[in-house]
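Below are the chains, spelled out letter by letter.
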Amino acid sequence: MTGTDFYVDALLSGLVCGVGPGFTADEIEGALGREYVDDARKKRMRRDYGLVEFYFDRVKQAWICVGSTIQVHRLLDADPEIVPSALADRYSAFATTLGVEFLAEAVGAKGGPNLIRESATGEFVRYRLHGANCFVHARQIQAEAVDARPGFEEVWSIEIRGSAGPVAQS
């Protein structure tokens, strides 16, 4: 399986390696390991695994995940350490770039819903996975860029918000 399979799995399930919104910080650590950086402030925390970040709210004595972001653009640095070992072991090859059209086709090939273009701000475009609380943020690549064609959009990040849940597939 490849990085594209990972992105499609995350979009359609709302989970990363079986964890995501509603899971505790300890459960996420159990799935992805201990190689992360926490940024905790009062009742909010961000856990950064490199390619993936998780966001938490403090509920009583536990940190509960409210969302995650797959930072696809970080792969441009071509540092293999950016991919957590749990992901690298399961999804072997991660390309440094991914076109929105290619991702949309891969989602459709697994029976998933369409990506709906919601908004554009400057060079960025936001898509929502129809029927889900999942978003794809893309950067519009200028035609002058090497090997770019007019209108090409490159995935910047994939955002999964709380209660994303599994998406109905056809």
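Our structure's up above, just so we're on the same page.
Going along each chain's sequence as written, the residues are numbered from 1 onward. Since the coordinates come from a predicted model, pLDDT governs what is reported: local features require at least 70, and pairs of side-chain atoms require 80 or more to be given and counted, while whole-chain, interface and lining totals use all residues. The side-chain numbers reported here are obtained from all heavy atoms of the structure, hydrogens and water having been left aside.

S.K.: Hey, could you run me through the packing of helix 1 (residues 3-13) against helix 4 (residues 100-109) in this one?
M.R.: In a packed pair of helices, the relevant descriptors are the angle between the two axes and the axis-to-axis distance. Running from N to C, helix 1 and helix 4 point in directions that differ by 65°, and their axes come no closer than 10 Å. Taken as a pair, helix 1 and helix 4 cross one another with a handedness that is right-handed. Residues T4, Y7, V8, L11 and L12 of helix 1 touch helix 4, and the partners they reach there are F102, L103, A106 and V107. Axis definition: a line fitted to C-alpha atoms, over the contacting stretch in the case of helices. Angles run 0 to 180 degrees between N-to-C directions. The helix count covers DSSP runs of H or I at least four residues long, the strand count covers runs of E at least two residues long, and both are numbered beginning at the N terminus. Here a crossing is called left-handed whenever its near helix is offset anticlockwise from the far helix by less than a right angle, and right-handed whenever the offset is clockwise. When checking whether two residues touch, look at their non-hydrogen atoms; a contact exists if any pair is within 4.5 Å.

S.K.: I keep staring at the nonpolar core and nothing clicks. Help me out?
M.R.: Buried together is how nonpolar side chains tend to be arranged in soluble globular proteins. Among the buried residues, those of types Ala, Val, Leu, Ile, Met, Phe, Trp, Tyr and Cys that are joined through side-chain atoms within 4.5 Å form a nonpolar core. Note on exposure labels: buried denotes an accessible area under 20% of the residue type's maximum, exposed denotes more than 50%, and partly exposed covers the range between, all computed with a 1.4 Å probe on protein chains only. By size, the foremost hydrophobic cluster in this structure holds 43 residues, and its most contacted members are F6, Y7, F54, L87 and L103. Every element with two or more residues in this core is listed here: helix 1, helix 2 (25-32), strand 3 (52-59), strand 4 (62-70), helix 4, strand 6 (124-129), strand 7 (134-140) and strand 8 (153-161). Counting residues per element, this core draws most heavily on helix 1, at six residues. Contact partners of L103, with chain neighbours within four places excluded, come to Y7, V8, L11, L98, V136, V155 and I158.

S.K.: Would you explain unusual backbone geometry in this entry?
M.R.: Of all residues except glycine, most have a negative phi; of all peptide bonds, most are trans. Backbone geometry places C17, a non-glycine residue, at a positive phi of 55°. Note on placement: C17 falls in the loop between helix 1 and helix 2. A positive phi angle, close to 55°, is found at K60, a residue other than glycine. Examined against the element boundaries, K60 turns out to sit in the loop between strand 3 and strand 4. Note on K60: relative accessible area 76%, which makes it exposed.

S.K.: Where do I start with the pairing of strand 7 in this structure?
M.R.: Every regular strand shows the same layout, with side chains that alternate between the two sheet faces. Between any two strands, pairing holds if DSSP finds at least two bridges. Pairing geometry for strand 6 and strand 7, over five bridges, is antiparallel. Residue pairing across strands places R126 opposite H137, the latter belonging to strand 7. Hairpin geometry of strand 6 and strand 7 is characterised by an intervening segment of four residues between the two adjacent antiparallel strands and by a positive phi of about 80° at G131. The sheet contact formed by strand 7 and strand 8 spans seven bridges and is antiparallel. Within strand 8, the position partnered with R139 by the bridge is E154.

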